[in-house]
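# Commentary on secondary and tertiary structure
What follows is each chain in one-letter form.
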Amino acid sequence: MSRIDYSVWDHIEVSDDEDDTHPNIDTPSLFRWRHQARVDRMDDFKKKGADLEKALAESKRKLADAQKRTRELANSATDDAKAELSKAQAEEKKLKKEERECEKRLDEHMREEKKMPWNVDTLSKEGFSKSVVNVKPDPSEETEEERETKHKTFVEKYEKEIKHFGMLRRWDDSQKYLSDKPHLVCEETANYLVIMCIDLEVEEKHALMEQVAHQTIVMQFILELSKSLKVDPRGCFRQFFAKIKTADQQYQDAFNDELDAFKERVRGRAKIRIEKAMKEYEEEERQKRIGPGGLDPVEVYETLPAEMQKCFDDKDIQMLQDAISKMDPTPSRVVVGFGEPVSVSCEAVRPVRVLGWESAVGAAHTQQDLSVQWKVDSLIDWIEEPICYGVFFTAPRQCEEKLNLILYKTPDTVSISPVNHTGPMVEGKEYQLLCEVQNVAPVQYLTLRWYRGDAEVYNHSFADLTPSSPVQVSSVLVVTPTRADNGVQYRCVAELDLGPEGPQPPPTVTSEPLNASVYYPPTLLSPELEMLELTVGAEITLNCTATGNPTPVYSWQSSHPMQEKMEDEAALTSSSLLPGTYTCTASNKLGKESKQFILKAKSKANKYVESICEDVIKEMRRCCESLAAGQSICCSGFSRDQTSSEKIRV
């Protein structure tokens, strides 16, 4: 026997009216409160789900934007893009994490929704609902024609009074005027004021329109109040004025918002009416201009080429005939690389007997069409000058037009070298650098640009030359190098600027760099005379460093006759130097510079020159060591000297 599973009923929330309550408690109110509390909880839960879905959608949108930006930066080759790419990738990773967290929270919310107990509001839902009520039509309802007639009659009778009401400004004045003329409180007045506002805006009377718009909204508010109270509008307009004059800020804001919205609608409607009137006026003028063939001369004129328009403007018949007979190749100027394909169309503007291209390669003609194409798969003829020709039925019967064709070739090589010189350059002398360009065409569009490092220092153009075939050209740069130019690179760049029809940016060919080596004489870093104090036995350094190219050679001389030969070094460090004058000379093949050092002996009290009296002093030291301290004045000096030495050692 099969068993029935009743576990589905375990999570049903009992009805609000099934619990027993205390006799003193208002049971119906308690049931309502319970139901309302449950409904509020369900609404909060639904709102939470909607917020989670909205957050997930926003996260997906941000992630899509970040991924798009990452792809754009990855495809860009600029340094700034590379620097920003890592930041964009980190941002994309962060947004992916946020998206996963949003999806996780939404899944948890949906699981909680499935676990929620059923109740009377969720056990079932309405599939559909339909009500049919038989209502007898109101026999007094007016037809559209009747309403239009009623409105027209009312306006003809009270138009002046309606306009007067539209010009009022103060609440009290409006209330008093409607009290005197209550028949104006109706739909017809409101409709007329709306039309009046649009007319004023069309006439560009903006301030007056805003005033009438205010009174229009007053009338509309009165009519809405009468509908809500289900009374005649003539019996409730006083209630409106009493309320608007003492209304709180919220009611005033509602009135002002409706007024602003109405003004915008009026402006939009006026703009549409003006545009419609302009179109009607233009159409009327166009109908007046249309000739026997049904064409508008103005429209025909606007479609003509600028050259033919000028003929009509100047009323020049001969110029018009020349323009008609002219045939225009399309495009009018063609730039093509050597060996590349080319295709140009020639078109006629009137019936033609024969239309064709006269050319050494790709010649073509037609007797039927108003256009013919000149096409070459690989153009290598430097003297090619295609001509489009036509034979017409009417005069002028024969015409031709030469194609402005430019065949170009970038240089085979661009090189740079010194003129009449080899090896390093010398500071202050003038030299010439030669840039040579092989096989470039057409040369009149060529510019040679000289660069010192990254800075352009000179450019040379060849606009005065006319050859169309490849040629060899050169340019000379005169330089006077300084020591700052040592190691600088010179470059020559050949740029072929063929105009807007040519390749963009213009093609360039760059030479190998020329590294400049500049010789210059030595310059001492510190050329001033130096006077130093010499302590016997202490190390001292004499610095004679100099800059130069080639590298300077150093020599030392001393005024002391007993001084040994010095080493050829920029800096002399020694503890055996004696007082006197020392001269250092830095030299290379371009010159030399000298510097002097004067050493003076430094004196000290109770300091003996042990190198002269060494044996005597040793004997005195040995004698003083056997005596107690303070017994001999002569030994006191050795005692102090020994103490000082011990301090120094410590």
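This report concerns the structure included in the present document. (Residues numbered from 1 in each chain as written. Predicted model: local features only at pLDDT ≥ 70, side-chain atom pairs only at ≥ 80, totals over all residues. Heavy atoms only, no water.)

Position of His 109 among the secondary structure elements: in helix H2 (residues 79-115). Ignoring anything within four residues of it in the chain, the contact list for His 109 reads Phe 45, Lys 48, Gly 49 and Leu 52. (Helix = DSSP H or I, 4+ residues; strand = E, 2+ residues; numbered from the N terminus. Contact = heavy atoms within 4.5 Å.)

The next point concerns the state of the cysteines. Under the definition given, this model contains 3 disulfides. Across the disulfide, Cys 346 is cross-linked to Cys 388 (sulfur-sulfur distance 1.7 Å). Here the disulfide of Cys 346 and Cys 388 is left-handed, its torsion about the S-S bond being about -80°. Highlighted residues: Cys 346 in strand S3 (residues 342-347) and Cys 388 in strand S7 (residues 387-392), separated in sequence by 42 residues. Each of the two residues, Cys 346 as well as Cys 388, counts as buried. Across the disulfide from Cys 435 sits Cys 492; the S-S distance is 2.0 Å. Between Cys 435 and Cys 492 the sulfur-sulfur dihedral comes to about -80°; the bridge is accordingly left-handed. (Disulfide = S-S within 2.5 Å. Buried < 20%, exposed > 50% of the residue type's maximum accessible area, 1.4 Å probe, protein only.)

On to the side chain of His 214. Structurally, the position occupied by His 214 is in helix H6 (residues 206-229). Judged by relative accessible area, His 214 falls into the buried class, the value being 16%. Within the structure, His 214 has its side chain in polar contact with the side chain of Gln 215 (distance 3.1 Å). Beyond its immediate sequence surroundings of up to four residues, His 214 is in contact with Trp 171, Phe 255 and Leu 259. (Polar contact = N/O pair within 3.5 Å; in protein donor to acceptor, adjacent residues only side chain to side chain.)

Honestly, it's all geometry; don't read function into it.
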